[in-house]
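Now for the letters of each chain:
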Amino acid sequence: MIDVKNLINLLKKNNCNFFTGVPDSVLKVFSAYLQSKSKNSHIIAVNEGSAVSIGIGHYLSTKKMPCVYMQNSGLSNALNPLISIANKKVYSIPLVLIIGWRGSPRINDEPQHNVKGKITENILKLLNIKYTILRNENDLKKFNKQIIFAKKNKSIIACLIEQGVLSNRTKQNKIKNYYKLDKEFFLKKLLGSLKSKTKIISSTGYNSRELIYLNNKYKFKNSDHFYMVGGMGHTSSVALGYSLQTNKNTLCIDGDGSMLMHLGSIKTAGTFANNNFKYILLNNNTHDSVGGQKTYSSEINFEKLSKSLGFKKFFCIKKEIDLEKNIKKFLSCKHLSFLEVKIANSRIRKLPRPDNLIEIKNKFMK
Ligand SMILES: Cc1ncc(C[n+]2csc(CCOP(=O)(O)OP(=O)(O)O)c2C)c(N)n1
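Presented here is a report on the structure given in the accompanying data block. Remember, it's a predicted structure, so these values are computed and weren't measured experimentally.

Further remarks concern the overall build of the protein. The secondary structure content of the protein amounts to 14 helices and 16 strands. For a compact globule of 366 residues, the expected C-alpha radius of gyration is about 21 Å, and the protein comes in at 21 Å, within 12% of that figure. In the protein, of all internal contacts separated by at least 6 residues, the share reaching a separation of at least 24 is 77%. Summing over all exposed atoms, the protein offers an accessible surface of approximately 17,200 Å²; the carbon and sulfur share of this is 52%. In the protein, 60 positive and 24 negative side-chain charges are present, and the distance between their average locations comes to 5 Å.

Encoded structure:
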């Protein structure tokens, strides 16, 4: 194991003291440490390409190598600025990448992570990015040498970290709840209020897993589900593409982290969606499922935002009172509508994960 403090001190010793990235469960102690100790030099980005780009900008103004962290699933979001701007043969910008390695060949993970995990090293090799697999404190020495090389050579360097490797000896804060409305209570009422044959497309994070849990528990019959186990931020696009070819009610249930990751997609939905497309934002102001890091979405006026992006009606729910009535108003609205639900974090321990994805897809497509 590696004490996260030692990893961060190694970076700082190399004058790499600006951090930006997208939260990841493997790296949750890393971002928690930054949040408590380096708040002023840590930026939580909405997606990994944006994190790399913030890092590039930092280098341009300071000549100092930034640290960009991400889950390996987000490496593909990062590819564009990594290849087309930072690459040695383009602008040659030195960067340190800290990559949470879901689905590494040593670990049996969920299907989407297993696919990415097996090719992560090859992606780095293809990009000519030297990397160290960090498994214990000794590996930090090799990583240190690579950082010194990258600084001198103005190149990109990376490390891969598997689940359970990083530890944090300092006490960690509990995940904060920004809102009160209970998630299970809301989703149960929602699923119980749907017309038959409603199609639901839900985001990665706890949202899909909470829906699976509720469907198992209460055996709701009126909806078919497509769970976005990966493709974070693309929930509304999948829902849009689906809804345009059907008259069926299509509900997109998104998280705030997921929505912000590719916020522009909501504009596409606002422009092109028909009235059978309904968008629900479960806004808990956190990346609940990967450690509770803030998304800052509580600062957004979603009524103004959604209306300026093309939605005709906006609804907001934050209390249990009149919940069913308010849900029905939204569901029966004949215009393109957006519902923001200000909601508490998930309270269910050990949420289930979707297991047979092909069966789920076939059932959804029936
Ligand atoms: C491209 C990509 N980057 C990062 C992740 C890691 N990740 C999984 S869920 C999640 C947070 C999602 O936040 P939100 O949509 O608010 O849902 P919540 O966690 O609150 O349930 C993140 C960052 C990922 N799956 N894919």
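The next point concerns the site of the ligand. Every one of the 20 residues lining the ligand counts as a neighbour, but E48, Y206, G257, S258 and S289 are closest to it. For the ligand, an oxygen atom lies 2.9 Å from a polar atom in the backbone of S258. Within the contact set of the ligand, an oxygen atom lies 3.0 Å away from a backbone nitrogen or oxygen of D288. Notes on the ligand: free accessible area 580 Å², of which the protein chains cover 95%. Sorting the residues of the shell around the ligand by element identifies α10 (256-261) and β13 (286-287) as the ones contributing at least two each. Here the shell around the ligand is built from residues that sort into five nonpolar, 12 polar and three charged.

For the coordinates displayed, the defined rule picks out 10 salt bridges. Ionic pairing is found between E324 and K189, a salt bridge with its closest N-O pair at 3.5 Å. Of this pair, E324 sits in helix α13 (residues 323-332) while K189 sits in helix α7 (residues 183-192), and the two are 135 residues apart along the sequence. Within this structure, R102, D109, E110 and R353 form a network of salt bridges that share partners.

Interaxial distance between helix α4 (residues 75-86) and helix α5 (residues 111-126) falls to 12 Å at its minimum, and their mutual angle equals 15°. Viewed along their axes, α4 and α5 adopt a mutual orientation that is roughly parallel. Crossing hand, α4 versus α5: left-handed. Counting all contacts with α4, which are made through L75, S76 and L79, the residues of α5 involved are K116, T120, I123 and L124.

The next thing to look at is a nonpolar patch on the surface. Where nonpolar side chains cluster on the molecular surface, the patch consists of I85, V90 and Y91 and spans about 290 Å² of accessible area. Look at I85 and you get partly exposed, because its relative accessible area is 32%.

With that settled, consider the pairing of strand β16 (residues 337-342). Judged by how many residues are buried, β16 sits mostly within the fold: six of six residues are covered. Of the two faces of β16, the one lined by S337, L339 and V341 and the one lined by F338, E340 and K342 are each fully buried. Two strands pair when backbone bridges link them, and strand β12 (residues 277-283) and β16 are joined in this way by six bridges, in the parallel orientation. Residue pairing for β16: K278 is matched across the bridge by S337. Pairing geometry for strand β15 (residues 313-317) and β16, over five bridges, is parallel. Bridging from a neighbouring strand, I317 pairs with V341 of β16.

Definitions and cut-offs
Residues numbered from 1 in each chain as written. Predicted model: local features only at pLDDT ≥ 70, side-chain atom pairs only at ≥ 80, totals over all residues. Heavy atoms only, no water. Helix = DSSP H or I, 4+ residues; strand = E, 2+ residues; numbered from the N terminus. Rg over C-alpha atoms; globule rule 2.2 N^0.38 Å. Contact = heavy atoms within 4.5 Å. Areas by Shrake-Rupley, 256 points an atom, 1.4 Å probe, with all protein chains shown as cover. Lys, Arg positive; Asp, Glu negative; His and termini not counted. Charge placed at Lys NZ, Arg CZ, Asp CG, Glu CD. Near = heavy atom within 4 Å. Polar contact = N/O pair within 3.5 Å; in protein donor to acceptor, adjacent residues only side chain to side chain. Nonpolar A, V, L, I, M, F, W, Y, C, P; charged D, E, K, R; others polar. Salt bridge = Lys/Arg side-chain N within 4 Å of Asp/Glu carboxyl O. Axes fitted to C-alpha atoms, helices over the stretch in contact; angles between N-to-C directions. Parallel < 35°, antiparallel > 145°, perpendicular 65-115°, else oblique. Left-handed = near helix turned anticlockwise from the far one by under 90°. Patch = residues over 30% accessible without salt bridge, like charges linked within 9 Å, V, L, I, M, F, W, Y side chains within 5 Å. Buried < 20%, exposed > 50% of the residue type's maximum accessible area, 1.4 Å probe, protein only. Pairing = 2+ DSSP bridges.

Just distances and angles here, no functional claims.
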